[in-house]
Amino acid sequence: MKAYEHLIRYAIAHGATVSIWDGEETQENRSTDAAACIAAVESVDEAEIIIKDNERRIGWARASAYGLADDETVVDYTVNDFMNEWEAAYERATTN
């Protein structure tokens, strides 16, 4: 699974909402629809994934859906507890 897909699904499964900014506009705003968020990321070369828990931002990532290995599709992200937990979950999911 591509890293950005896993991140979106992980965030929603943990009760967060996801917004996708494509560099010009917000395509998905505080969404819990993983398929719509993934489609938004895949509609552009690069997108920003903003993850919120209620009103508090708990994560951010820059994603690129094309031309990279699956585990490299999240090209940058904030380093905090939520994102560290996601990274560990992604590593477990992709090594089994």
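Model, not experiment: these values are computed from the prediction.

A. Representation of the packing of helix 1 (residues 3-13) against helix 2 (residues 34-42) in the model. Running from N to C, helix 1 and helix 2 point in directions that differ by 150°, and their axes come no closer than 10 Å. Our classification of the angle between helix 1 and helix 2 gives roughly antiparallel. Seen along the crossing, helix 1 lies across helix 2 with a hand that is right-handed. Here Tyr4, Glu5, Ile8, Arg9 and Ile12 of helix 1 lie close against helix 2, whose contacting residues are Ala34, Cys37, Ile38, Val41 and Glu42.

B. Summary view of the pairing of strand 4 (residues 56-63). In this sheet, strand 4 lies alongside strand 3 (residues 47-53) in antiparallel orientation, the contact comprising 7 bridges. Pairing of isoleucine 50 across the sheet is with tryptophan 60, part of strand 4. Between strand 3 and strand 4, which follow one another and run antiparallel, lie 2 residues, and asparagine 54 among them has a positive phi close to 60°. Looking at chain direction, strand 4 and strand 5 (residues 74-77) are connected through 3 bridges and run antiparallel. Looking at the pairing, alanine 63 lines up with valine 74 of strand 5.

C. Quick peek at the pairing of strand 3. Taken across its 7 residues, strand 3 has 5 buried, putting it largely inside the fold. Two strands pair when backbone bridges link them, and strand 1 (residues 17-21) and strand 3 are joined in this way by 5 bridges, in the antiparallel orientation. Paired with tryptophan 21 across the bridge in strand 3 is glutamate 48.

D. Representation of the nonpolar core. Counting 29 residues, the largest nonpolar core has Tyr4, Ile8, Ile20, Val41, Ile49 and Ile51 as its most contacted members. Put simply, the parts of the chain that give this core at least two residues each are helix 1, strand 1, helix 2, strand 3, strand 4 and helix 3 (81-95). The greatest single-element share of this core, amounting to 7 residues, is contributed by helix 1. Setting aside anything within four residues of it in sequence, one finds tyrosine 4 in contact with Ile38, Val41, Glu42, Ile49, Ala63, Ala65, Thr73 and Val74.

E. Spatial organisation of the environment of isoleucine 12. For isoleucine 12, the position within the fold is in helix 1. Each C-alpha atom of the pair isoleucine 12 and threonine 32 lies 5.8 Å from the other, and the pair is 20 residues apart in sequence. The residues touching isoleucine 12, leaving out its near neighbours within four places in the chain, are Val18, Ser31, Thr32, Asp33 and Ala34.

F. How the structure looks around unusual backbone geometry. We note that arginine 30 has phi near 50°; this positive angle belongs to a residue other than glycine. Assignment of secondary structure puts arginine 30 in strand 2 (residues 26-31). Residue class for arginine 30 comes out partly exposed when judged on its relative accessible area of 34%. At asparagine 54, a position not held by glycine, the phi torsion is positive, near 60°.

G. Spotlight on the sheet that holds strand 2. If you trace the 5 strands from one edge of the open sheet to the other, you get 2-1-3-4-5, paired in antiparallel fashion. The open sheet has two free edges, formed respectively by strand 2 and strand 5, since each of these has just one partner strand. Taken pair by pair, the neighbouring strands of this sheet meet at an average axis angle of 20°, ignoring direction. Contacts between helix 1 and the sheet are confined to strand 1, strand 2, strand 3, strand 4 and strand 5, with strand 3 contributing the most and set at about 20° to the helix. Seen against the sheet, helix 2 touches strand 1, strand 2, strand 3 and strand 4 and runs at an angle of roughly 155° to strand 2.

Reading the values: rules and limits
Residues numbered from 1 in each chain as written. Predicted model: local features only at pLDDT ≥ 70, side-chain atom pairs only at ≥ 80, totals over all residues. Heavy atoms only, no water. Axes fitted to C-alpha atoms, helices over the stretch in contact; angles between N-to-C directions. Helix = DSSP H or I, 4+ residues; strand = E, 2+ residues; numbered from the N terminus. Parallel < 35°, antiparallel > 145°, perpendicular 65-115°, else oblique. Left-handed = near helix turned anticlockwise from the far one by under 90°. Contact = heavy atoms within 4.5 Å. Pairing = 2+ DSSP bridges. Buried < 20%, exposed > 50% of the residue type's maximum accessible area, 1.4 Å probe, protein only. Core = buried A, V, L, I, M, F, W, Y, C linked by side-chain atoms within 4.5 Å.

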